[in-house]
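Structure at a glance
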There are 2 protein chains.
Amino acid sequence: MSVNRGEAAGAAAPAVILVNPQLGENIGMVARAMFNCGMTDLRLVRPRDPWPNRHAQAAATGAASVVESARLFDSTQDAVADLQYLLATTARPRHNTQLVLTPRAAAAELRARAGAGVGCGLLFGKESRGLSNDDIARADAILTVPLNPAFTSLNLAQSVLLVGYEWFLGNDATPGTELHMPANTRPANKAELNAFFEHLEGELDACGFLYVTEKRPTMVRNLRQLFQRAGLTEQEVRTLRGVVSGLSRLGRSRGTGGD
Amino acid sequence: MSVNRGEAAGAAAPAVILVNPQLGENIGMVARAMFNCGMTDLRLVRPRDPWPNRHAQAAATGAASVVESARLFDSTQDAVADLQYLLATTARPRHNTQLVLTPRAAAAELRARAGAGVGCGLLFGKESRGLSNDDIARADAILTVPLNPAFTSLNLAQSVLLVGYEWFLGNDATPGTELHMPANTRPANKAELNAFFEHLEGELDACGFLYVTEKRPTMVRNLRQLFQRAGLTEQEVRTLRGVVSGLSRLGRSRGTGGD
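In this convention, every chain numbers its residues from 1, walking through the sequence in written order. Chain A is the first chain written and ligand 1 is the first ligand written, with later ones labelled in order. Local features in a predicted model are, by the rule used here, given only for residues with pLDDT of at least 70; side-chain atom pairs are given and counted only at 80 or more, and totals for whole chains, interfaces and linings are based on all residues. Side-chain figures throughout are based on the complete set of non-hydrogen atoms in the structure, without hydrogens or water.

1. Thoughts on the pattern of salt bridges
In what follows, salt bridge is the name for a side-chain nitrogen of Lys or Arg lying within 4 Å of a carboxyl oxygen of Asp or Glu. This structure, assessed with the given rule, holds 26 salt bridges over all chains. Residue Arg48(A) is joined to Asp49(A) by a salt bridge in which the shortest nitrogen-to-oxygen separation is 3.2 Å. Between Arg252(B) and Glu203(B) there is a salt bridge; the shortest N-O distance is 3.5 Å. A residue pair is termed long-range when its members are at least 10 positions apart, and Arg252(B) in helix 10 (residues 234-254) and Glu203(B) in helix 8 (residues 190-207) qualify at 49 residues. It is possible to trace a salt-bridge network through shared partners that takes in Asp41(A), Arg43(A), Arg71(A) and Asp82(A). Helix and strand labels come from DSSP, where a helix needs a run of H or I of at least four residues and a strand needs a run of E of at least two; each type is numbered from the N terminus.

Right, dumping it as structure tokens:
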């Protein structure tokens, strides 16, 4: 059987298998969550309502292709037949002995296996009851999302989204912190900052703001640090120099300036 | 102003501020996503429909307290007045210069600040249009969720869920991989495994399965490794010994066994 695999995020994306999904809208929302995370192989085991389902298509706006290529199966066994590593998503620990993974640990396992060419899948139960014990027993491990113990209830698409998000991040190169700047500017360099500081301090000397000699070094350092923390761009330094010039002109015109 | 803070996950949870939310159902779903992640301080800036909103209450099943304690504000400025660190969630990079954080990096920043007693908030725009540039300019940094570049669209509650999930995980002690076992069993020890292996190999010698002398060591190692990988419990080892005994009895009764 050929498996339709997402290519948006490197290694082959896991299949998502929904067992007995009830509402078409939820299937459509799952398709969106999958596509958000670069997953496209959706498999449905005995959905409650006839398939194709117009509610699923309506809810899948932007991810219609995932719904259109979804495949129907009569049993979980058939739906996972070609897969080699299967995780069962369930909030409830069961009475069998099984490994329980967080989505983050599961993502690492899935990435490692997909990288070795192993066909992977994520099994989700019906909205109201989750997975049967027999379906859980088909899985290599259980996947449970850590959440507020007082309220762990997620809907089907949210479960898919959290698991998919961790899988997506496993191959995502976005830096944790990134400085976004318009194309026509750059961070100010230290010479530009220093020239601004000297400009500012010169005008503050002139207006008498720094007149207490023993406090001047601390005041100057505090002001410099405050502006350093802002991570100014070259354009912003020019703007600030204009602000200082404008204010000191105003002071002079009112006769409150120092010279 | 006293701030209602989630206590489910250690340090003070950030406030969630929704600017001009349109559908009551979405507000209710946001409340659920917040409570999933131990967040309870919901603030609404000029929601489109009158408040209280029965659609919000209906959608918030299980998180009704978050909706009931939500506070209304006339402006974003008022809603964030008591906060000291504010992140604006937006998918679109803007033309201003600002730090852009992933939810994971944002969670670390929020934890660090909340731990120092800093009041933190997460700003979310209206469903259809996101945040205004003016509201984004109130924030200390931008928060963007890395997703499939071909499809980044999330609904409001999903955005809150992904950001809240990362915040929750920042103080969550769930091990990535955990062995779940019924209370009345434990992993088999090496002596029990060795006794099982010797039992199995003895019966396989007896039935002739291991008759090729030069292949015997490899075959024995392969069988031992296969059972080692399964991480058997003490109960499962006893079950397997029963299986071996049962099969070898059957072999002897059919006269196909070795002795």
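2. So, unusual backbone geometry
Among all residues save glycine, negative phi is the norm, and among peptide bonds the norm is trans. Residue and element names in this part refer to chain A. Residue Pro 52 is reached from Trp 51 by a cis peptide bond, and omega for that bond is 5 degrees. Looking at the secondary structure, you find Pro 52 in the loop between strand 2 (42-45) and helix 2 (54-59). One non-glycine residue with positive phi stands out, namely Asn 20, at about 55 degrees. Among the secondary structure elements, Asn 20 is positioned in the loop between strand 1 (15-19) and helix 1 (24-36).

3. Focus on the packing of helix 8 (residues 190-207) of chain A against helix 9 (residues 216-229) of chain A
Residue and element names in this part refer to chain A. Axes here mean lines fitted to C-alpha atoms, for a helix over just the part in contact, with angles spanning 0 to 180 degrees between N-to-C directions. The interhelical angle for the contact between helix 8 and helix 9, taken along N-to-C directions, is 135 degrees, at an axis separation of 11 Å. Considering their axes alone, helix 8 and helix 9 lie oblique with respect to each other. The way helix 8 lies across helix 9 gives a crossing that is right-handed. Taking contact as the criterion, the partners of Lys 190, Leu 193, Asn 194, Phe 196, Phe 197, Glu 198, Leu 200, Glu 201, Leu 204 and Asp 205 in helix 8 are, on helix 9, Arg 216, Val 220, Leu 223, Arg 224, Phe 227 and Gln 228. Each residue is assigned to one of three groups, with Ala, Val, Leu, Ile, Met, Phe, Trp, Tyr, Cys and Pro labelled nonpolar, Asp, Glu, Lys and Arg labelled charged, and all others, Gly among them, labelled polar. Of the residues belonging to the contact of helix 8 with helix 9, the class tally is eight nonpolar, two polar and six charged. Every angle not falling under 35 degrees, over 145, or within 65 to 115 is termed oblique; those three ranges are roughly parallel, roughly antiparallel and roughly perpendicular. By definition, any crossing whose near helix is turned counterclockwise from its far helix by less than a right angle is left-handed, and any crossing with a clockwise turn is right-handed. Contacts: residue pairs with any heavy atoms within 4.5 Å of one another.

4. Things to note about the packing of aromatic side chains
Residues and elements named next belong to chain A. For Phe, Tyr and Trp, where Trp contributes only its six-membered ring, two rings pair if their centres lie within 6.5 Å, and the inter-plane angle classes them as stacked under 30 degrees, edge-to-face over 60, or tilted in between. Applying the stated criterion across every chain, the model contains seven aromatic pairs over all chains. Judged by centre distance (5.1 Å) and plane angle (90 degrees), the rings of Phe 196 and Phe 227 are edge-to-face. One end of the pair, Phe 196, is in helix 8; the other, Phe 227, is in helix 9, and 31 residues separate them in sequence. Overall, the relative accessible area of 1% leaves Phe 196 in the buried class. Type-normalised accessible area, obtained with a 1.4 Å probe on protein chains alone, sets the label of each residue: buried when under 20%, exposed when over 50%, and partly exposed for intermediate values. Accessibility expressed as a relative area gives 17% for Phe 227, which makes it buried. These aromatic residues form a ring-pair network of at least three members: Phe 196, Phe 197 and Phe 227. In this scheme, Lys NZ or Arg CZ marks a charge over a ring once it lies within 6 Å of the ring centre and within 35 degrees of the ring normal. Geometry around Tyr 85 places Arg 113 over its ring, the cationic atom sitting 3.8 Å from the centre.

5. Some words on the interface of chain B and chain A
Counting residues at the interface gives 54 residues for chain B, matched by 54 residues for chain A. Reported buried area values correspond to the accessible surface (1.4 Å probe) lost by two parts on association, with both partners' losses combined. Buried area between chain B and chain A, summed over both chains or domains, comes out near 4300 Å², and the portion from carbon and sulfur atoms is 60%. At the boundary of chain B with chain A, the tally comes to two salt bridges. Among the salt bridges present, the one from Arg104(B) reaches Glu166(A), with a minimum N-O distance of 2.9 Å. Think of a polar contact as two N or O atoms within 3.5 Å of one another; within protein, one of them needs to be a possible hydrogen donor and the other a possible acceptor, and neighboring residues in sequence only count if both atoms come from side chains. Counting across the chain B and chain A interface gives 20 residue pairs in polar contact (both at pLDDT 80 or more). Elements that contribute at least two residues to the side of chain B that touches chain A include exactly helix 1 (24-36), strand 5 (98-101), helix 5 (103-115), helix 7 (156-169) and strand 8 (177-180) of chain B. Of the residues forming the side of chain B that touches chain A, the biggest block, seven residues, is contributed by helix 7 of chain B. Here a strand pair is declared whenever DSSP counts at least two bridges between the two strands. One ladder, built from four bridges, connects strand 8 (residues 177-180) of chain A with strand 5 of chain B; its direction is antiparallel. Within strand 5 of chain B, the position partnered with Leu179(A) by the bridge is Leu99(B).

6. Quick notes on the environment of Glu201(B)
All names here are of chain B. Structurally, Glu 201 can be placed in helix 8. Spatially, the C-alpha atom of Glu 201 lies 59 Å from that of Gly 115, the residues being 86 residues apart in sequence. In this structure Glu 201 touches Leu 210, Arg 216, Val 220 and Arg 224, once residues within four positions along its chain are discounted.

7. A short note on the pairing of strand 1 (residues 15-19) of chain B
All names here are of chain B. Counted residue by residue, strand 1 has five buried out of five residues, so it is predominantly covered. The pairing of strand 1 with strand 6 (residues 120-124) spans four bridges and is parallel. Looking at strand 6, one finds that Leu 18 is bridged to Phe 124. As defined by bridge partners, strand 1 adjoins strand 2 (residues 42-45) across four bridges and the pair is classed as parallel. Looking at strand 2, one finds that Val 19 is bridged to Val 45. Once the chain exits strand 1 it traverses helix 1 before rejoining the sheet at strand 2, and the crossover so formed is right-handed. Orienting the strands away from the viewer, one traces the path from the first strand over the helix to the second; a clockwise path indicates a right-handed crossover.

8. Remarks on the relation of the copies chain B and chain A
Least squares is used to superpose the copies, and the fit set is the C-alpha atoms of residues whose pLDDT is at least 70 in both copies. In the superposition of chain B on chain A (RMSD 0.1 Å, axial shift 0.0 Å), the rotation amounts to 180 degrees. The transformation relating the two chain copies, once decomposed into turn and shift, fits a two-fold axis. The fraction of interface residues of chain B whose copies in chain A are also interface residues reaches 100%, indicating that both copies meet through the same surface.

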